[in-house]
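# Structure at a glance
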Amino acid sequence: MKEKILHVDGDAFFAACEMARFPMLWNKPLVVGYSIASAMSYEAKKLGVHRAMPIFEVKKTFPHMAIIGTHFELYHMYGDKLSSVLARYTDRIERYSVDECFAILTLSEMNKYGTWENFLLTIKNDVQSTLGITFSFGLADTKVLAKVASKYEKPNGLTYISESNREKVLKKVPIENIWGVGRATAKNLQRIGVKNAYQFVKLSESYVDTYFHKPLAELWHELCGRRIMNLSDSLEIDLAKSFQSMRTFKPATDNKIFIASELSNNVEIVCARMRESDLVTKNISIILKQGEYNVSQIEVVMPNYTNSPSDILNYLESSFDKLFVGGTKYRQTGFVASNLKPRAHIQNDLFNVQNNILENSRGYMSIVDVIHNKFGNSSIGLLSSLNAVNQMNDKKLVDEGKDPYIWNLPLPYLGEIY
Ligand SMILES: [Mg+2]
């Protein structure tokens, strides 16, 4: 076959994302949820915590259990990152859920790695080193078999189902564990002596066609290795198509330097999100808002793709001058990056300009990202965003009932980087 279907599935995904943020939780029993356990680490599962267990019960039974609330935005961020790593190897990806993807891998791409197993291992290592959490990988001829494969050795599994090991694998898969086989169907199949996936595929085609409804017959074909199901219609990478940052400030102001600083801060926020997901853009727009219905916006197409705030701000300067009307009081700025593309898909040009732009910013921006992760997003930034960041910090302190004058130590001036 010229192509295979890959299925990737996060291992105890919510718990893993939380552990990646708080490494002291690593390999510890951990429950994620507010009132009930939404998810848990393998260690907590071993102790007997189950899904939907009330948190008060968890606390009572396991007084030393680490319990943490859910952070869906974080999990989606990791999901975005997973697709962006997969996009380095294929552009046919279906995001099935927050921690699951199907993808089509082609024979010609595989040839670069020698074997399907090697190709699979390369992608798995790439995902792991980029995200810092483990996923289980399954590769097979059909979607249903790929699902079986990723589940086969979970957690941290890697299974390739080929013609030669298919029967051996299917013998170990209980019928009720097959994707799409509900409890009632499983019971009916068990009644006719079908206890595992192997016994299921051994039924004859005429039997299947006569006695089973269409979805179950299709499942049978898929388990036999005949592809019925394709990736969801679009066959396009379901990455976020645009990112934006808007912020309202009070009071409204006509101070151009302050407004420019707000915009610069918007740009930094959006660029950080793009880098998180390894995305770049050419299409940017800025928004200045006076009131709900009084909005001005300007769109710019840059000559090259980037996710560096200083590159983008260079292009925005003249547009901002055009858009900004002196003496007008604005109360909100916004920045949108649209038509986002995975960095790995960007073609270089004849004079290497595009590559240089991406590589130049990548070096120092990755250091900025490390500092952000360690010390928070306002720990380092462009001087042009300073006014906005200071005001934001002041507001946070006032909200917490603290006096900004005492608490907000000025950022030390460490010099400028060109
Ligand atoms: Mg999962």
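Structure's up top.
Notes on the structure in this doc start here. (Residues numbered from 1 in each chain as written. Predicted model: local features only at pLDDT ≥ 70, side-chain atom pairs only at ≥ 80, totals over all residues. Heavy atoms only, no water.)

### What about the coordination of the magnesium ion?
The coordination sphere of the magnesium ion contains the protein donors Asp9 (OD), Gly10 (O) and Asp99 (OD), at a distance range of 2.2 to 2.6 Å. Taken in chain order, the donor set of the magnesium ion reads D-G-x88-D. Linking glycine 10 in strand β1 (residues 3-10) with aspartate 99 in the loop between β5 (93-97) and β6 (100-106), this pair joins segments that are 89 residues apart in sequence. Residue glycine 10 is classed as buried on the basis of its relative accessible area of 4%. (Donors = N, O, S within 2.8 Å, 3.2 Å for Na, K, Ca; no water. Helix = DSSP H or I, 4+ residues; strand = E, 2+ residues; numbered from the N terminus. Buried < 20%, exposed > 50% of the residue type's maximum accessible area, 1.4 Å probe, protein only.)

### Side note on helix α7 (residues 143-152)
Here α7 lies mainly inside the structure; 8 of its 10 residues are buried. Looking only at α7, the buried set comprises Lys143, Val144, Leu145, Ala146, Lys147, Val148, Ala149 and Ser150.

### Details of a nonpolar patch on the surface
A contiguous nonpolar patch, built from Leu350, Phe351 and Val353 and spanning about 390 Å² of accessible area, is present on the exposed surface. Relative to the helices and strands, leucine 350 is located in the loop between β13 (341-342) and α15 (353-375). (Patch = residues over 30% accessible without salt bridge, like charges linked within 9 Å, V, L, I, M, F, W, Y side chains within 5 Å. Areas by Shrake-Rupley, 256 points an atom, 1.4 Å probe, with all protein chains shown as cover. Salt bridge = Lys/Arg side-chain N within 4 Å of Asp/Glu carboxyl O.)

### A look at the packing of helix α13 (residues 256-276) against helix α14 (residues 309-323)
Running from N to C, α13 and α14 cross one another at 145 degrees; their axes reach a closest spacing of 10 Å. Handedness of the α13/α14 crossing: right-handed. Every residue of α14 that contacts α13 at Lys256, Ile259, Ala260, Leu263, Ser264, Val267, Glu268, Cys271, Met274 and Arg275 is listed here: Pro309, Ile312, Leu313, Leu316, Phe320 and Asp321. Among the residues making up the contact of α13 with α14, the classes are represented as 11 nonpolar, 1 polar and 4 charged. (Axes fitted to C-alpha atoms, helices over the stretch in contact; angles between N-to-C directions. Left-handed = near helix turned anticlockwise from the far one by under 90°. Contact = heavy atoms within 4.5 Å. Nonpolar A, V, L, I, M, F, W, Y, C, P; charged D, E, K, R; others polar.)

### Structural notes on the nonpolar core
Of all hydrophobic cores here, the largest spans 37 residues; its most connected members are Leu6, Leu86 and Phe135. Those elements that place two or more of their residues in this core are β1, α1 (13-21), β2 (30-32), α4 (72-86), β6, α6 (116-131) and β7 (135-140). Contacts of leucine 6, omitting those with residues within four sequence positions, involve Leu86, Cys101, Phe102, Ala103, Leu105, Leu120, Phe137, Gly138, Leu139 and Ala146. Counting residues in hydrophobic clusters, the runner-up holds 33 residues, among them Ile161, Leu203, Phe212 and Leu223. (Core = buried A, V, L, I, M, F, W, Y, C linked by side-chain atoms within 4.5 Å.)

### Observations regarding the sheet that holds β2
Here we have 3 strands laid out as an open sheet, ordered β3-β2-β4, and mixed in their pairing. Edge positions in the sheet fall to β3 (39-40) and β4 (66-68), since each has one partner strand and no second. Sheet topology places β2 next to β3; 2 bridges connect them, and they run antiparallel. From the neighbouring strand, valine 32 faces β3, where its bridge partner is alanine 39. Against the sheet, α1 engages β2, β3 and β4, with an angle of about 110 degrees to β2. (Pairing = 2+ DSSP bridges.)

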